[in-house]
Amino acid sequence: MHAWLCQEPTGTQSLHWTELPTPSPKAGEVLVEIRAASLNFPDLLMVQNKYQIKPPLPFVPGAEWAGVVQAVGEGVTHLRPGQSVACLSGTGGFATHSIAASQRCMPLPDGFNHIDAAAFIMAYATSHHALIDRGQLQPGETVLILGAAGGVGSAAIQIAKARGARVIAAASSEEKCNLCLKLGADAVIDYSQEDLREAVKTLSGGKGPDVIYDPVGGDLAEPALRSIAWRGRYLVVGFAAGPIPSLPLNLPLLKGASIVGVFWGEFAKREPQANAAMMAELAQWYGQGKIKPAIDRTMPMSQLLAAFERMSTRAVLGKLVLVN
C-alpha cells in the first residue's frame, strides 16, 4: 500500500507519499481499500501541529474516507469483504488502504456513492448535532450560517432547510453566495462587501437570527453575536479564520442569549446511542434527497499537497475529495 506519511507535523511540506506494508486487521478491525477521502480543516491543522488531538508520530492524515472492505478481523460480524463503507477514523485516510475499528465504519446503502460518502460524516454529523441538538432549531426560526459555502456550512444550510427553518447564509465572495442559494439558502450576505451586522438586521426585519452557526470565529464573531435575537443560541462550531474570539459576556446577558459549544466527536463518544440515531436519520435524509454533499471538485490522491494549498487559501466551495 501507499500513504501520505507525516514524520514531523511541521506543515504540509512534511508529507511524503510512502510505500508501506499492507496491514492485516486485528480483532474488531477491518482493512479497507480506500476509494475516496475528503479534505477537512482539522486535517490541515493536524499536520501543522495546531489541532487539539495530536496523533503519535509518524501518522497518516485523513480523517474521513470511504471504500470497500478487503478483510475483517476476529469478532467482526456486521461487515464483510466487498461491502462499501464510510469511516471517520481521525487519521489514515490519505492512502490506498487503511485499518479502522469496525464500529467506526458506516455501512453504505445502495446508491450511496463513495465520493459523497467520503464527504458526509463529519460535515453532516457536526451540523445536525449543532443545529438540532445543541441549538434546538425549530421550524420557522431564522438561522444565520457563517462560512456557509464550506464543508460544514453547506451541510448546515441543507439540514436547517430540512428542519423547516429560514436560512441566512453568509460567505466571503459572490461565487460562494451563489452556491449557498443553490443549496437552498433563503438569503445571502457577502461579508467581503457588506457590513454583516447591518445586513443581518435588514434580512431579519430587525429581529435578528434565533440561531447563529459559527465555524469561522475571528472578526465575524462579535458582530454576529450583537445581531442575535432575544433567547438566541450562538453555536461555537470552530475557528476557521484562525483567531479564537474574545466575546463581551454582557451581550448574551442583554439578549437573554446562550453561547453553546459544539463538539460532535465527544458527543459521539459519550452518547453513542443518540449519535447512532442521528446518523440513521441523516442516511435516511440522503436517500430521500433532502441532503447531498456539495463537492467542490475531485482530485487524484497524488495531488494532496495541491489540495491542501487550495484549502488554505479558502478557495474550496463545499468539500474537496481525493480519489484513488
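Definitions and limits used
- Residues numbered from 1 in each chain as written.
- Predicted model: local features only at pLDDT ≥ 70, side-chain atom pairs only at ≥ 80, totals over all residues.
- Heavy atoms only, no water.
- Pairing = 2+ DSSP bridges.
- Helix = DSSP H or I, 4+ residues; strand = E, 2+ residues; numbered from the N terminus.
- Axes fitted to C-alpha atoms, helices over the stretch in contact; angles between N-to-C directions.
- Parallel < 35°, antiparallel > 145°, perpendicular 65-115°, else oblique.
- Left-handed = near helix turned anticlockwise from the far one by under 90°.
- Contact = heavy atoms within 4.5 Å.
- Nonpolar A, V, L, I, M, F, W, Y, C, P; charged D, E, K, R; others polar.
- Buried < 20%, exposed > 50% of the residue type's maximum accessible area, 1.4 Å probe, protein only.
- Core = buried A, V, L, I, M, F, W, Y, C linked by side-chain atoms within 4.5 Å.

1. Topic: the sheet that holds strand β8 (residues 142-145)
Spatial ordering of the open sheet is given by β10-β9-β8-β11-β12-β13, a layout of six strands whose pairing is parallel. Edge positions in the open sheet fall to β10 (187-190) and β13 (258-261), since each of these has one partner strand only. For this sheet, the mean inter-axis angle between neighbouring strands, taken without regard to orientation, is 20°. In this sheet, β10 lies alongside strand β9 (residues 166-171) in parallel orientation, the contact comprising four bridges. Its bridge partner lying in β10, I168 is registered against A187.

2. Considering the packing of helix α3 (residues 121-134) against helix α10 (residues 272-287)
In helix packing, the relevant descriptors are the interaxial angle and the interaxial distance, both defined with respect to the helix axes. Packing of α3 against α10 leaves a shortest axis separation of 10 Å and a crossing angle of 115°. In terms of axis orientation, α3 runs roughly perpendicular to α10. Judged by the sense of rotation from one axis to the other, the crossing of α3 with α10 is right-handed. Taking contact as the criterion, the partners of I121, Y124, A125, H128 and H129 in α3 are, on α10, M278, M279, E281, L282 and W285. Of the residues assigned to the contact of α3 with α10, the class counts are seven nonpolar, two polar and one charged.

3. Brief notes about α3
By the criterion of burial, α3 is predominantly enclosed, with twelve of the 14 residues buried. The complete set of buried residues in α3 reads I121, M122, A123, Y124, A125, T126, S127, H128, H129, A130, L131 and I132. Looking one or two places after α3, you find Q136, whose phi comes out positive at around 50°.

4. Some words on the nonpolar core
Core analysis: the biggest nonpolar cluster contains 57 residues, and F120, L131, V143, I157, L235 and L282 have the highest contact counts within it. Here the element with the most residues in this core is α3; it accounts for eight residues. When sequence neighbours within four positions are dropped, the list of residues in contact with V143 reads L131, L137, A160, A165, R166, V167, I168, P209 and V211.

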